Each structure stands twice: as structure tokens, then as C-alpha cells.
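# Fold and contact review
The lines below spell out each chain.
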Amino acid sequence: MQLISTGIKGLDELLGGGFPKGKSILVVGSPGSGKTTLLMQFLRVGAIADEPGLYVAMDEPPEQVKLNLSSFGWSFEELERNGKLLFLDATSLKKVVGTKVADHSFLEENIGSEFKMTVKSLIRTIMKIVSEENIQRIAVDPITSLMLRYGNVYRRRRAMLMFFDALSRSGCTSLISTELRTNILKRRFQLEEFLSQGVILLHSLVHAGNVVRAIQIEKMRGIPHDTQFRPYQITVNGIEVFPRDRVFS
Ligand SMILES: Nc1ncnc2c1ncn2[C@@H]1O[C@H](COP(=O)(O)OP(=O)(O)OP(=O)(O)O)[C@@H](O)[C@H]1O
Ligand SMILES: [Mg+2]
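Residues numbered from 1 in each chain as written. Chains lettered and ligands numbered in written order. Predicted model: local features only at pLDDT ≥ 70, side-chain atom pairs only at ≥ 80, totals over all residues. Heavy atoms only, no water.

## A word on the confidence of the model for the protein chain
- Chain-level statistics for the protein chain give a pLDDT mean of 89 and a share of 89% at 70 or above.
- Overall, residues 96-114 carries pLDDT values under 50, and its contacts beyond four positions in sequence, including any with other chains, amount to 43 contacts. (pLDDT = per-residue confidence, 0-100. Contact = heavy atoms within 4.5 Å.)

The following block contains the structure:
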């Protein structure tokens with residue numbers, strides 16, 4: 001299996017080299033754990049190395065996401081201008097919108113004067129951008145928003161299956177973030193964890209009275225990987241993992 005560098009200092013070491021190329025990896029974490037930072041770091045390092053990336057903004061519009069990341073010394077403009085980094089605003093998937101959208105329109109259902117974005121049209125748009133812009137890395141942040149759209153459990157499952165199948169067909173290496181709402185040790189496994197080739201957990205643990213950020217590779221099909229909790233930090237340079245340190249000593 002071909003591996004590609006994650007762009008996260010220390011993380012390649014836990015994976016024996018990097019992410020499996022062309023596969024989908026789920027990043028599970030609580031609010032503020034660094035999901036968006038990790039996804040963007042992965043895209044940015046790829047973009048700099050001439051592997052164009054697509055960020056699919058599901059929750060907050062791209063401008064807001066960039067603003068949130070402004071405390072890191074990362075500039076996206078040049079990468080965007082050179083077609084190495086693309087942002088897709090998919091926030092309207094959560095709601096019905098009545099305004100027209102510029103190019104890459106995924107508003108297919110015309111309901112009176114209003115348009116509705118669907119999961120199918122989002123998939124079509126992603127696939128179109130991937131082939132037209134030679135995209136190699138995708139970040140979907142977070143997939144939770146897609147799920148919230150469906151009250152019906154079967155429709156939700158079908159949408160999720162369709163979405164992961166499309167990511168797999170795209171040939172890109174994809175990172176998909178998902179929000180953790182309960183205690184990590186008590187959580188129920190979600191469908192998206194079974195549909196992904198790999199699952200990475202980001203959590204905050206309390207150890208000896210201190211809060212420690214810890215990362216764990218829960219699964220990575222086809223790769224012998226580290227399984228321990230390892231400490232990580234978020235600094236002005238983004239996420240750094242300490243692959244040889246232990247959280248519990
Ligand atoms: N320059 C910085 N130096 C150190 N830590 C930072 C810096 N910028 C942000 N952080 C930390 O990173 C966290 C935000 O990370 P990020 O937005 O990637 O998390 P997230 O898991 O995507 O959160 P959400 O669930 O809200 O989307 C902040 O809560 C803050 O603790
Ligand atoms: Mg985020």
C-alpha cells in the first residue's frame with residue numbers, strides 16, 4: 001500500500017509512514033480538539049508539495065474557516081490563486097436557500113422560487129471539481145452536518161453510504177471530521193467509522209490533575225500502526241504529535 005505524508009509533525013511515525021493513499025480516514029474529536037486544524041494542515045502541506053486539495057466546508061463558510069485559522073501563520077491566498085487549494089461552500093446543505101450560487105452550482109431541485117442542495121448534487125460537484133482541478137486530497141469538515149439533514153435513519157444511512165462511496169471512487173486521500181458529543185470511552189460506534197479505512201481520535205484527558213491532549217489511531221486497515229494514546233499540542237505552527245511519549249506514565 002502506498003503511503004502519503006500526513007503533514008502533521010510526529011503523526012507519520014505512528015502510521016509507519018503516513019496515510020494510505022486514496023483512502024478515507026475519519027478524524028473524531030470533541031469541540032476545539034483541533035479537527036479543522038489537522039485537516040487544513042494536511043491539505044496545506046499537500047498543496048505546497050503540488051498535490052491540489054479541496055476543502056469542503058459543511059458547517060461554517062470558507063471565509064469564516066479561514067478567519068478561525070488566522071492565528072496560525074498560514075496564508076492560503078497564493079495556494080488558492082495557483083489552484084493548489086480550493087474551498088467549496090457546502091453550508092447550504094443544512095438548509096434550503098433561495099439565492100443563486102456562482103459556478104459549481106449544486107442547487108438542483110427547484111422548489112418554487114427556492115433551490116435546495118442535496119447530497120447527490122454535492123457529490124456531483126465534488127467529483128466534477130476533483131476531475132477538473134486534478135484534486136488529490138479532500139477534507140470534509142464536519143460530516144456531522146450531513147447527518148443532521150435527515151431525520152429518517154434509513155435516508156441518513158443511504159446518504160452516508162453514497163457519500164463515502166463517492167469519496168472512495170474519487171481516488172483522493174480524504175479526511176472526514178466528525179464531532180464527538182459523548183465521553184470517548186462510552187461512545188457508540190457510528191456508521192461512518194465502519195465506512196472509513198481509518199479512524200483517528202483526538203481527545204482531552206485528565207492526568208494527574210492536568211488536561212492533556214491525546215491522539216490515538218483507532219484503526220488503519222492494511223497498516224501496522226501505533227495504538228497508544230500519544231500527546232499532541234496545538235501551537236502557532238499547527239498540530240504536533242509526540243510519537244514516543246506516553247500520556248499515562
Ligand atoms: N495559534 C494557536 N496556538 C495554540 N493553540 C491554538 C492556536 N490557534 C488555535 N489554537 C487551539 O486550537 C483550537 C481550535 O482548533 P480547531 O478549530 O481545529 O478545533 P475543532 O476540533 O475543529 O473545533 P470545532 O469542533 O469547534 O470545529 C482552539 O480551541 C485553540 O485551543
Ligand atoms: Mg472545526
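Past the structure itself, the notes keep going.
## Observations regarding the sheet that holds strand β5 (residues 85-89)
- Here we have nine strands laid out as an open sheet, ordered β5-β4-β9-β10-β3-β11-β12-β13-β14, and mixed in their pairing. Taken across any chain shown, the strands that pair with only one partner, and hence form the sheet edges, are β5 and β14 (238-241). Put simply, the sheet's adjacent strands are angled 25 degrees from each other on average, direction ignored.
- Relative to β5, strand β4 (residues 53-57) runs parallel, the two being bridged by five bridges. If you follow valine 56 over to β5, its bridge partner there is leucine 88.
- Strands β4, β5 and β9 (137-141) of the sheet are contacted by helix α5 (residues 119-133), whose axis makes an angle of about 165 degrees with β5.
- Along the sheet face, helix α7 (residues 153-170) touches β3 (24-29), β9 and β10 (173-179) and points at about 130 degrees away from the line of β3. (Pairing = 2+ DSSP bridges. Helix = DSSP H or I, 4+ residues; strand = E, 2+ residues; numbered from the N terminus. Axes fitted to C-alpha atoms, helices over the stretch in contact; angles between N-to-C directions.)

## As for the pairing of strand β12 (residues 210-220)
- Bridge count for strand β11 (residues 198-207) against β12 is ten bridges, and the pairing is antiparallel. Directly across from glycine 198, in β12, lies its bridge partner methionine 220.
- Turn length for the β11-β12 hairpin, with the two strands adjacent in sequence and antiparallel, is two residues, and the turn residue alanine 208 shows positive phi of about 50 degrees.

## Details of the site of ligand 1
- The immediate surroundings of ligand 1 are formed by 14 residues, with Gly32, Lys35, Thr36, Thr37 and Ser71 found nearest.
- Here an oxygen atom of ligand 1 and a backbone polar atom of serine 33 are 3.2 Å apart.
- In the model, an oxygen atom of ligand 1 is placed 2.5 Å from a nitrogen or oxygen of the threonine 37 side chain.
- The fraction of the free accessible surface of ligand 1 (650 Å²) that becomes covered by protein chains is 63%.
- The dominant element in the shell around ligand 1, judged by the number of residues it contributes, is helix α2 (residues 35-48), at three residues.
- Class assignment for the residues of the shell around ligand 1 results in four nonpolar, eight polar and two charged. (Near = heavy atom within 4 Å. Polar contact = N/O pair within 3.5 Å; in protein donor to acceptor, adjacent residues only side chain to side chain. Areas by Shrake-Rupley, 256 points an atom, 1.4 Å probe, with all protein chains shown as cover. Nonpolar A, V, L, I, M, F, W, Y, C, P; charged D, E, K, R; others polar.)

## As for the packing of aromatic side chains
- Under the criterion given, the structure shown has four aromatic pairs.
- Taken together, a centroid distance of 5.6 Å and an interplanar angle of 75 degrees make the contact between phenylalanine 19 and phenylalanine 42 edge-to-face. Linking phenylalanine 19 in strand β2 (residues 19-20) with phenylalanine 42 in helix α2, this pair joins segments that are 23 residues apart in sequence. No difference in accessibility class separates phenylalanine 19 from phenylalanine 42, as the two residues are buried.
- With a centroid separation of 6.0 Å and an interplanar angle of 70 degrees, the aromatic rings of phenylalanine 76 and phenylalanine 87 are classed as edge-to-face. On the criterion of sequence distance, the pair formed by phenylalanine 76 in the loop between α3 (62-68) and α4 (77-81) and phenylalanine 87 in strand β5 is long-range, its members being eleven residues apart. In terms of burial, phenylalanine 76 and phenylalanine 87 fall into one category: buried.
- Chaining the aromatic ring pairs together yields one cluster made of Tyr55, Phe76 and Phe87.
- One cation-aromatic arrangement involves lysine 66 over phenylalanine 87; the distance from NZ or CZ to the ring centre is 4.5 Å. (Phe/Tyr/Trp six-rings, centres within 6.5 Å; stacked < 30°, edge-to-face > 60°. Buried < 20%, exposed > 50% of the residue type's maximum accessible area, 1.4 Å probe, protein only. Lys NZ or Arg CZ within 6 Å of the ring centre and 35° of its normal.)

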